[in-house]
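Fold and contact review
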Amino acid sequence: MQLHIVVAVKQVPDPDHFDGLSVDRRTGSISRAGVPLIINPLDRHALEEALRIKERLGGTVSVITMGPPLARRIIEDALAMGADRGAILCDPSFAGSDTLATARIVSAGIRNFGEFDLVICGNETVDSSTGQVPPQLAEFLNVVHVTHVRRIDMPGTERIIVERVVEGGYLTVEVKLPAVISVLKTINTFRLPSVAGIVEAAGKEIRELDASACRMFGVGDHELGLEGSPTRVLEVVESTMKRNALMMTGEPEDVAKQLVVKLRELQVI
Ligand SMILES: Cc1cc2nc3c(=O)[nH]c(=O)nc-3n(C[C@H](O)[C@H](O)[C@H](O)COP(=O)(O)OP(=O)(O)OC[C@H]3O[C@@H](n4cnc5c(N)ncnc54)[C@H](O)[C@@H]3O)c2cc1C
């Protein structure tokens with residue numbers, strides 16, 4: 001059977017424009033209005049890894065996202081990078097989903113593609129950055145998972161050997177497929193979409209899935225969105241940073257000496 005790799009991608013605000021984000025104190029959700037949206041950077045590394053495996057072993061790479069209608073753009077972007085087909089899970093009833101509901105919905109979307117061998121995710125996102133979605137996805141798909149992966153070696157289509165980063169080193173883990181893996185940015189340098197890739201992407205399939213796709217795989221309406229989310233944002237607190245400026249004047253040597261004295265006083269050195 002042909003290898004099938006699914007890459008889960010999330011649309012996030014561009015980190016270069018994070019100063020344009022604001023938090024709705026009442027709902028605890030992030031307002032992204034006016035901020036450019038991109039593929040979560042780690043998800044590009046996840047896609048790159050899937051494309052490299054496909055280049056060696058053949059097969060199909062599918063990309064999937066749950067998000068608002070505009071998230072279709074990141075699927076188009078992923079198709080231009082080389083993915084074969086995409087799916088967007090979009091329904092008003094998905095709004096307010098926490099990580100558990102998100103993983104439940106995305107897992108139904110993955111099942112909609114049929115059998116899979118490997119799901120590759122980013123290790124975390126740049127906006128919510130919980131890192132919870134990949135292990136939850138694995139649970140809903142009833143397969144094993146490995147997080148913090150910096151290298152994937154795939155000798156065949158039955159198993160993979162991965163390096164998982166831990167404090168002070170790494171573990172080498174052998175995993176029987178199917179599995180969910182979440183990757184770190186050190187895993188590869190990702191390619192950018194080529195002009196030919198952008199043209200080809202226009203002819204590739206993008207499935208539009210709504211709540212009925214979840215129902216097909218046994219997910220009830222009460223398990224979606226806010227209702228299906230056991231976590232609630234109770235409070236959002238903005239941290240404030242206080243800075244004390246100290247001007248030092250004089251000749252450069254004197255200033256350097258003053259600086260050393262001050263840094264020692266503050267126990268920085
Ligand atoms: C009570 C509550 C309400 C919320 N309401 C909203 C809301 O209304 N609107 C909103 O935008 N966010 C909302 N969120 C945030 C939302 O839960 C997270 O954005 C989402 O669950 C993903 O979590 P994360 O970004 O921490 O993913 P992580 O676990 O850090 O992501 C790791 C990887 O999982 C995959 N992944 C994550 N999310 C998706 C996705 N959506 N589609 C495909 N793959 C994915 C990607 O590969 C990603 O790199 C809410 C959170 C809570 C707790």
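Reference entry: report on the structure contained in this document. All values derive from a computational prediction rather than experimental measurement.

**Details of the site of the ligand**
Of all residues adjacent to the ligand, which total 29 residues, the nearest are Ala-8, Lys-10, Asp-43, Thr-125 and Thr-130. Contact between the ligand and Thr-102: an oxygen atom at 2.9 Å from a side-chain N or O atom of the residue. One of the backbone N or O atoms of Gln-132 is found 2.9 Å from an oxygen atom in the ligand. Its free accessible area being 940 Å², the ligand has 84% of it covered by the protein chains. Taken together, the elements giving at least two residues each to the shell around the ligand come down to strand S6 (60-66), helix H3 (99-112), strand S8 (118-122) and helix H4 (133-141). A breakdown of the residues in the shell around the ligand according to their chemical character gives 8 nonpolar, 14 polar and 7 charged.

**Here's the deal with the state of the cysteines**
One pass over the structure, following the stated rule, counts 0 disulfides. Cys-214 supplies the cysteine sulfur nearest to Cys-90, a cysteine that is in no disulfide, at a spacing of 11 Å. With a relative accessible area of 26%, Cys-90 lands in the partly exposed category. Classification of Cys-214 as buried rests on a relative accessible area of 0%.

**Some words on the pattern of salt bridges**
In total, this model carries 15 salt bridges according to the counting rule given. A salt bridge links Asp-84 to Lys-54, with the nearest nitrogen and oxygen atoms 2.8 Å apart. Taken together, the residues span a long stretch of sequence, with Asp-84 in the loop between helix H2 (72-81) and strand S7 (85-89) and Lys-54 in helix H1 (residues 41-57) at a distance of 30 residues. Its relative accessible area of 24% is what places Lys-54 among the partly exposed residues.

**Considerations on the side chain of Ser-182**
Counting through the fold element by element, Ser-182 comes out in strand S12 (residues 179-183). You can call Ser-182 buried: its relative accessible area is 1%. Those residues in contact with Ser-182, other than ones at most four positions away along the chain, are Cys-121, Gly-122, Asn-123, Pro-134, Val-146, Thr-147, His-148 and Val-149.

**Describing the sheet that holds S7**
Within the open sheet, the 9 strands sit side by side as S11-S10-S9-S12-S8-S1-S6-S7-S13. Their pairing is mixed. At either end of the open sheet lies a strand with only one pairing partner, and these are strand S11 (169-176) and strand S13 (206-209). With strand direction ignored, the average angle separating the axes of adjacent strands in the sheet is 35°. Two strands pair when backbone bridges link them, and strand S9 (residues 144-153) and S12 are joined in this way by 4 bridges, in the parallel orientation. Paired with His-145 across the bridge in S12 is Val-180.

Conventions adopted
- Residues numbered from 1 in each chain as written.
- Predicted model: local features only at pLDDT ≥ 70, side-chain atom pairs only at ≥ 80, totals over all residues.
- Heavy atoms only, no water.
- Near = heavy atom within 4 Å.
- Polar contact = N/O pair within 3.5 Å; in protein donor to acceptor, adjacent residues only side chain to side chain.
- Areas by Shrake-Rupley, 256 points an atom, 1.4 Å probe, with all protein chains shown as cover.
- Helix = DSSP H or I, 4+ residues; strand = E, 2+ residues; numbered from the N terminus.
- Nonpolar A, V, L, I, M, F, W, Y, C, P; charged D, E, K, R; others polar.
- Disulfide = S-S within 2.5 Å.
- Buried < 20%, exposed > 50% of the residue type's maximum accessible area, 1.4 Å probe, protein only.
- Salt bridge = Lys/Arg side-chain N within 4 Å of Asp/Glu carboxyl O.
- Contact = heavy atoms within 4.5 Å.
- Pairing = 2+ DSSP bridges.
- Axes fitted to C-alpha atoms, helices over the stretch in contact; angles between N-to-C directions.

Such coordinate-based values are descriptive only and should not be taken to indicate function.
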